[in-house]
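Single-letter residue listing:
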Amino acid sequence: DVYKRQDVKVLGVGWGETLHHVLYGLSGSNPDLEVAPLCAELSRPAKVIFSSTVLAQGLSEAFEGRDKFYSLTGIAALKAEQDLEGSEAWRSIFGQRGAIHRMDMVVTSASFAGKPFGRDMNLLAKSSGIKSPQIRNTVIGDIGGVLLPKRSKAKSDQFKALLKPWSGVNLEQLQAISQRAARRGTPGVVLCALGAEKASVVLEAIAHGVVQHLFLE
């Protein structure tokens, strides 16, 4: 079971309903485990149980992990002109000495094709200034908030504008985690995708070299 491996010391967790259901009920013992969220506040208040910070806290408790707790509460996932470097919480995960550079494993999920951020796509449109039809024309979907562009749009101004307000994990960081996993034999990126409508997003994530393990339905 990849979740119970003792060589996993730092674990990153995405967000969303799929992960909530996949992770619910998992348990084990890994006293050295550090668990960090990979996405700041995104979902509506009623869906707080699906937030990355809440899922990370729950997983840390389930595996009797270290007392050190990472939280991105109070930071917006999608907001223009945020002073992220001024946030100690953000730097502890994504800064030069942050947990992201030590991660052995990431567990995250895929969006439906053409629906990055799901019901929160309106937040992406508002924060980037790119309208929803243009977003669908530019992006295939996302994995844990990491946007995957259509091949012809990867270097477009529209895609760059969509990336700008995002405060969470990025594609290059996931690729670095995957590369470390290949060298060290650690689990790397675990992608959970429930539903055939996510197939093209999963295939694109694989093509970008950021998937070591797949959990499909």
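First, a word on what this report is: a plain description of the structure on this page.

Thresholds applied
- Residues numbered from 1 in each chain as written.
- Predicted model: local features only at pLDDT ≥ 70, side-chain atom pairs only at ≥ 80, totals over all residues.
- Heavy atoms only, no water.
- Salt bridge = Lys/Arg side-chain N within 4 Å of Asp/Glu carboxyl O.
- Helix = DSSP H or I, 4+ residues; strand = E, 2+ residues; numbered from the N terminus.
- Buried < 20%, exposed > 50% of the residue type's maximum accessible area, 1.4 Å probe, protein only.
- Phe/Tyr/Trp six-rings, centres within 6.5 Å; stacked < 30°, edge-to-face > 60°.
- Lys NZ or Arg CZ within 6 Å of the ring centre and 35° of its normal.

**Section: the pattern of salt bridges**
Logical step 1: For the structure shown, the criterion picks out three salt bridges.
Logical step 2: Across the pair Asp-32 and Lys-9 runs a salt bridge whose closest N-O atoms are separated by 3.6 Å. With Asp-32 in the loop between helix H1 (17-23) and strand E2 (34-37) and Lys-9 in the segment before strand E1 (10-13), the pair connects residues that are 23 residues apart, well separated along the chain.
Logical step 3: With a relative accessible area of 44%, Asp-32 lands in the partly exposed category.
Logical step 4: Put simply, Glu-204 and Arg-151 hold a salt bridge, and the shortest N to O gap is 2.7 Å. Of this pair, Glu-204 sits in helix H8 (residues 199-207) while Arg-151 sits in the loop between strand E5 (146-149) and helix H6 (157-163); the two residues are 53 residues apart in sequence, bridging distant segments of the chain.
Logical step 5: Residue class for Glu-204 comes out buried when judged on its relative accessible area of 9%.
Logical step 6: Arg-151 sits in the exposed class, given a relative accessible area of 61%.

**Focus on the packing of aromatic side chains**
Logical step 1: Applying the stated criterion to the full structure yields three aromatic pairs.
Logical step 2: Taking the centre distance of 6.4 Å and the plane angle of 20° together, the rings of Trp-15 and Phe-117 count as stacked. Of this pair, Trp-15 sits in the loop between E1 and H1 while Phe-117 sits in the loop between strand E3 (105-109) and helix H4 (121-128), and the two are 102 residues apart along the sequence. Grouping residues by exposure puts Trp-15 and Phe-117 together as buried.
Logical step 3: Here the aromatic rings of Trp-90 and Phe-94 are separated by 5.6 Å at their centres, their planes lie at 40°, and the arrangement is tilted. Taken together, the positions of Trp-90 and Phe-94, both in helix H3 (residues 88-94) and four residues apart, correspond to about one turn of that helix. For the pair shown, Trp-90 and Phe-94 are each scored as buried.
Logical step 4: The structure contains a cluster of three or more aromatic residues connected by ring pairs, namely Trp-15, Phe-117 and Trp-166.
Logical step 5: Seen from the ring of Phe-112, Lys-198 lies directly overhead, with NZ or CZ sitting 4.9 Å from the centre.

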